[in-house]
Amino acid sequence: MPTASSAKPAWTLAKGDTPADIVLTGEIDFTATPAVRQQLLAAMDGGAPEIVLHLAGLDYVDSSGLALFIEAKKRLAEAGRTIRIADISPQVAKIFHLTQLGELFGLPE
């Protein structure tokens, strides 16, 4: 088992093809959410009218991660901006639909 200092992060956040694209991969749980929050909010600072989340590589998200997505949506709405999910893994899509957040983010049924 790797030590904490050599362990690979369980998640990544990267810019996509355009400044408004944000790609999240891996797993987001309560231990990772504070760091993901810091990077996600910083990535949203570009001023693009719409942020596009790419979640096809996201394998898992817990309630703290879902709350982070809601917070991001609220912050952007307050600034007259939007957030949209462009693609999503089947596992995470199921979580969004079970929690009834899929509609909030424009995911198809």
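Refer to the structure above for everything that follows.
Residues numbered from 1 in each chain as written. Predicted model: local features only at pLDDT ≥ 70, side-chain atom pairs only at ≥ 80, totals over all residues. Heavy atoms only, no water.

A.B. asks: Which parts of the structure should I look at to understand the side chain of Asp21?
C.D. replies: Position of Asp21 relative to the elements: it lies in strand β2 (residues 21-28). Among all residues touching Asp21, those that are not within four sequence positions of it are Ala14, Lys15, Gly16, Val52 and His54. (Helix = DSSP H or I, 4+ residues; strand = E, 2+ residues; numbered from the N terminus. Contact = heavy atoms within 4.5 Å.)

A.B. asks: Just checking my understanding: could you explain the side chain of Ser89 for this structure?
C.D. replies: Along the polypeptide, Ser89 turns up in the loop between β4 (82-88) and α3 (90-98). With relative accessibility at 3%, the residue Ser89 sits in the buried group. In this structure the side chain of Ser89 is engaged in a polar contact, spanning 2.5 Å, whose partner is the backbone oxygen of Leu58. Contacts of Ser89, omitting those with residues within four sequence positions, involve Leu55, Ala56 and Leu58. (Buried < 20%, exposed > 50% of the residue type's maximum accessible area, 1.4 Å probe, protein only. Polar contact = N/O pair within 3.5 Å; in protein donor to acceptor, adjacent residues only side chain to side chain.)

A.B. asks: Any chance you could explain the nonpolar core here in plain terms?
C.D. replies: Burial of nonpolar side chains together is a common tendency in soluble globular proteins. Grouped together as the largest cluster of nonpolar side chains are 29 residues, with contacts concentrated most on Leu40, Phe69 and Phe96. Going through the elements one at a time, β1 (11-15), β2, α1 (33-43), β3 (50-61), α2 (63-78), β4 and α3 are the ones with two or more residues in this core. Contacts of Phe69, omitting those with residues within four sequence positions, involve Leu24, Leu40, Leu53, Leu55, Leu58, Val61, Phe96 and Phe105. (Core = buried A, V, L, I, M, F, W, Y, C linked by side-chain atoms within 4.5 Å.)

Shape descriptors only; they carry no functional weight alone.
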